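Summary of the model geometry
In case you want the letters, here they are:
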Amino acid sequence: MAGLVTLVGAGPGDPALLTIGGLHALREADVIFYDALVSEPVLALASDRAERVYVGKRGGDHATAQGEIEERMIARARDGKRVVRLKGGDPFVFGRGAEEAQALHAAGIAFTVIPGVTSAIAAPAYAGIPLTHRGCASSFTVATGHEDPSKSASSLDWSALAKAPTLVLLMGVERLAAVTNALIAHGAGRTTPAAVVQDGTRPTQRCVTGTLASIAADAGAAGIVPPAVLVVGEAVALRRELRWFERGPLFGKRVLVTRPALQARSFASALLTHGAEPIVAPTVSIGPPDDPRPAQRAVDEASGFSWIVFLSFNAVDAFFDLLHARARDARAIGTARVAAIGAKTADALTAFGIRADLVSGRATSEDVGHELLARVHKGERVLIFGAQEGRHIVHGLLEGHGAMPVSVSAYKTRLAADPNFARKVARCDILTFTSGSTVRGFASLLGGNEAAAAAARGKVVACIGPITADEAREAGLRVDVVPDSFTTDALVEALEAHAADTA
Ligand code: SAH
């Protein structure tokens, strides 16, 4: 059976602009062939088991490269693999997606197309430039600026382009002068507002504005490089009022994310949505505890407990990894009630089909411990699943209460190694810590508390909660931001409020 190829539009960069269909295809894919214009955060949404094949083209012999991509896709589809062809923006807008679809059709391979948000619309939109506007632009034209206008063989009708109320040119950065001169020569007004938007929808977005006559020089002076779109027309002037993305207080800020890679993803994507650039540099990694046997035993005997307490999202993952390794599922807990530390941990449980009986209002051991005291009876056995290096607050509270807690190390947080760590820190404006262990990892990777404090000087330091903040202060850091609730979403909001206050 020949497999299926799905041509997916990745959008212009911001992962929030990937469609639900595109996300689904990325999650289900066996192999993903992707281009240079596909942003890293979009690719990160694909399933971990998907093979990622980079087929970006840089100069050189395009025709051969194009044929080669098609052959490789066809071969993998014939192997019965679910192939995703992931292209920047929309696959059928200057993406050669149609050529690839033709090749698939010729080879008898089934394909589907999931359109994407094209940069032709999204880059102007994120720069605050509408392509139509009542009174000044009742249509827009999208064209390629790649063709040399001086060539008589040019397939573009320059006098028609010169008349377009709004004109968007893709792939035109290298030829801005030639392109704008051709438009002027064909009757476009020299003073028509014009803009170039580079890296649209990304934290590195830049927009240069001028007139049709000046924009080539303006963009050159500003050092604009591809990918960028040129927009020409009266609607460009609306940017003065409508620029919103770059006005966001976190726009362009580089934020160090020190949590383990797997959990960094949703945090990183929340940062991107606010225009910030996450620099993911995990200082710790999550792995099995030194002695995995107690956790294994606890999982086998889970139904014998009155309560099972999960002290983190990682503890939930570890618990179900162990269960699944035994070919068992959530039913293994029998009638035991379940407590979760905060909403994120409860969400992790929901994903495995379990609705927690108790979710502490805040994600601290103290809170979940005290809330449990009201529900747990004397003599009841309580299984506590947490980190090997965790504090024993809940255990102590339950013991004092007369219950019979059993604490199990579900996982261990280990220090990460990263030879480029100091360089990443130096590039950042904001440092974030989401646990005490990330603070300790930060200091250890930099060679001690003194070096850590020096590296953090002049940067905003944000901690997910008061306990992490205490650890940061102990390491000699000045803490600027601690949100009221202890989630990464709240952390992003608190960072934004702080940036707005200090702007
Ligand atoms: N299929 C793509 C276009 C591919 S052609 C789409 O629909 O967006 C490549 C050109 O797209 C680049 O030269 C540039 O002009 C434009 N482009 C792609 N991503 C961009 C971005 N994030 N910001 C600005 N322009 C972009």
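Reading the values: the criteria
Residue indices follow the written sequence of each chain, beginning from 1 at its first position. Per-residue local features of the predicted model are confined to residues with pLDDT of at least 70, and side-chain atom pairs are confined, for both listing and counting, to 80 or more; whole-chain, interface and lining totals are unaffected and use all residues. As a convention, hydrogens and water are excluded, and side-chain values are obtained from all of the structure's heavy atoms. Strands are treated as partners if at least two bridges between them are detected by DSSP. For helices the rule is a DSSP run of H or I covering at least 4 residues; for strands it is a run of E covering at least 2, with both sets numbered from the N terminus onward. Axis geometry follows a simple rule: fit a line to the C-alpha atoms, using only the stretch in contact for helices, then measure angles between N-to-C directions, giving values from 0 to 180 degrees. We call two residues in contact when some of their heavy atoms are within 4.5 Å. The definition of a right-handed crossover adopted here requires that, viewed with the strands pointing away, the path from the first strand over the helix to the second runs clockwise. In this scheme, a residue with accessible area under 20% of its type's maximum is buried, one over 50% is exposed, and one in between is partly exposed, where area comes from a 1.4 Å probe on protein chains only. Only residues whose relative accessible area exceeds 30% and that take part in no salt bridge are eligible for patches, with like-charged residues grouped when within 9 Å of each other and nonpolar side chains (Val, Leu, Ile, Met, Phe, Trp, Tyr) grouped when within 5 Å. For the accessible areas, the method is Shrake-Rupley and the probe is 1.4 Å, while residue cover comes only from the protein chains on display. Any carboxyl oxygen of Asp or Glu within 4 Å of a side-chain nitrogen of Lys or Arg constitutes a salt bridge here. In this text, near means that some heavy atom of the residue lies within 4 Å of the molecule or strand in question. Side-chain atoms alone can form a polar contact between residues adjacent in sequence; in general such a contact is a pair of N or O atoms within 3.5 Å, and within protein one must be able to donate a hydrogen while the other accepts it. The nonpolar class holds Ala, Val, Leu, Ile, Met, Phe, Trp, Tyr, Cys and Pro. Asp, Glu, Lys and Arg form the charged class, and all remaining residues, Gly among them, are polar. What fixes the domain bounds is an automatic or database domain assignment. Accessible area, probed at 1.4 Å, shrinks when two parts are joined; the buried area is that loss added up over both. Two rings belonging to Phe, Tyr or Trp (six-membered ring only in the last case) form a pair when the distance between their centres is within 6.5 Å. Interplanar angles under 30 degrees mark stacking, angles over 60 mark edge-to-face geometry, and anything in between is tilted. Between 65 and 115 degrees an angle is taken as roughly perpendicular, under 35 as roughly parallel, over 145 as roughly antiparallel, and anywhere else as oblique. If you view the pair so one helix is near and one far, a crossing is left-handed when the near helix is turned anticlockwise from the far one by less than a right angle, and right-handed when it is turned clockwise.

For the rest of this paragraph, the subject is the sheet that holds strand S6 (residues 140–144). The strand order across the open sheet formed by five strands is S6-S7-S10-S8-S9, and the pairing between neighbours is mixed. In the strand order of this sheet, the two ends are held by S6 and strand S9 (206–211), each with one partner. Taken pair by pair, the neighbouring strands of this sheet meet at an average axis angle of 20°, ignoring direction. As judged from the five bridges shared by S6 and strand S7 (residues 166–170), these two strands associate in the parallel manner. Bridge assignment links valine 142 to a residue of S7, and that residue is valine 168. Lying on the sheet, helix H5 (residues 119–126) is in contact with S6, S7, strand S8 (193–198) and strand S10 (228–232); it crosses S10 at an angle near 75°.

This paragraph deals with the pairing of strand S15 (residues 337–340). In this structure, strand S14 (residues 307–310) lies alongside S15, joined through four bridges in parallel fashion. Looking at S15, one finds that phenylalanine 310 is bridged to alanine 340. Regarding topology, helix H12 (residues 313–325) serves as the crossover connection from S14 to the parallel S15, and that connection is right-handed. You can see the chain leave S15, run along helix H13 (residues 342–351) and come back into strand S16 (residues 358–359), and the turn it takes is right-handed.

Let us now look at the pairing of strand S2 (residues 31–34). Burial along S2 is two-sided: Val31 and Phe33 facing one way and Ile32 and Tyr34 facing the other are all buried. Bridge count for S2 against strand S3 (residues 51–54) is four bridges, and the pairing is parallel. The residue bridging tyrosine 34 from the neighbouring strand is tyrosine 54, located in S3. Bridge count between S2 and strand S4 (residues 82–87): four bridges; the pairing is parallel. Note on S4: the bridge partner recorded for valine 31 is valine 83.

Together, Phe92, Phe111 and Val113 make up an exposed nonpolar region whose accessible area comes to about 240 Å². Checked against the element boundaries, phenylalanine 111 lands in strand S5 (residues 110–114). A residue is classified by how much of its surface remains accessible, and phenylalanine 111, at 31% relative accessible area, is partly exposed.

Around the ligand sit 19 residues in total, of which Asp90, Val93, Thr118, Ser119 and Ala228 are the nearest. The separation between a nitrogen atom of the ligand and a polar main-chain atom of valine 93 is 2.6 Å. Within the contact set of the ligand, a nitrogen atom lies 2.8 Å away from a backbone nitrogen or oxygen of glycine 200. Starting from 540 Å² of accessible surface for the ligand in isolation, the protein chains cover 93%. Classifying every residue of the shell around the ligand by side-chain character gives 11 nonpolar, five polar and three charged. Counting residues domain by domain, the shell around the ligand receives three or more from each of domain 1 (4–117) and domain 2 (121–247).

Bringing the domain arrangement of the protein into the picture now. Per the domain assignment, the segments of the protein are domain 1 (4–117), domain 2 (121–247), domain 3 (254–283 + 416–502) and domain 4 (287–414). Relative placement of domain 3 and domain 4: their C-alpha centres are 27 Å apart. The interface is formed by nine residues belonging to domain 3 together with 11 residues belonging to domain 4. When the two sides are added together, the surface that domain 3 and domain 4 hide from each other amounts to roughly 760 Å², 58% of it contributed by carbon and sulfur. Among the residues of domain 3 in contact with domain 4, Gln263, Ile467 and Phe486 are the three that bury the most area, contributing 55% of the side total. The interface formed by domain 3 and domain 4 contains one salt bridge. In this assembly, domain 3 and domain 4 are joined by two residue pairs in polar contact (both at pLDDT 80 or more). Counted by class, the side of domain 3 that touches domain 4 contains three nonpolar, four polar and two charged residues.

Moving on, we get to the packing of aromatic side chains. Following the criterion strictly, the structure yields 12 aromatic pairs and no others. The interplanar angle of 80° and the centroid separation of 5.1 Å between the aromatic rings of phenylalanine 433 and phenylalanine 442 together place this pair among those described as edge-to-face. Taken individually, phenylalanine 433 and phenylalanine 442 each receive the classification buried, so the pair is uniform in this respect. In this structure an aromatic cluster arises from ring pairing among Phe310, Phe319, Phe320, Phe352 and Phe385.

As a further point, take the sheet that holds strand S19 (residues 430–433). Pairing is parallel in the open sheet, where four strands are placed in the order S12-S11-S19-S20. Here the strands that pair on one side only, and so sit at the sheet edges, are strand S12 (277–280) and strand S20 (460–463). Put simply, the sheet's adjacent strands are angled 25° from each other on average, direction ignored. In this structure, strand S11 (residues 254–257) lies alongside S19, joined through three bridges in parallel fashion. The residue of S19 that forms the bridge with valine 255 is isoleucine 430. The strands touched by helix H10 (residues 261–273) within the sheet are S11, S12 and S19, with S12 carrying the most contacts at an inclination of about 155°.

Take the side chain of threonine 432 next. Tracing the chain through its elements places threonine 432 in strand S19. A distance of 2.6 Å separates the side chain of threonine 432 from the backbone oxygen of leucine 256, its partner in a polar contact. Once you skip the residues sitting within four places of it in the chain, threonine 432 turns out to touch Val255, Leu256, Val257, Thr258, Phe267, Ala462, Leu491 and Leu495.

Attention now moves to the packing of H12 against H13. In a pair of packed helices, the angle between the axes and the distance between the axes together describe the arrangement. Look at H12 against H13: their axes get within 8 Å of each other, and the N-to-C directions meet at 20°. Classified by the angle between their axes, H12 and H13 sit roughly parallel to one another. Between H12 and H13 lies a crossing whose hand is right-handed. Side by side, H12 and H13 meet where Phe313, Val316 and Phe320 of the first sit next to Lys344, Thr345, Ala348 and Leu349 of the second. Here the residues of the contact of H12 with H13 sort into five nonpolar, one polar and one charged.

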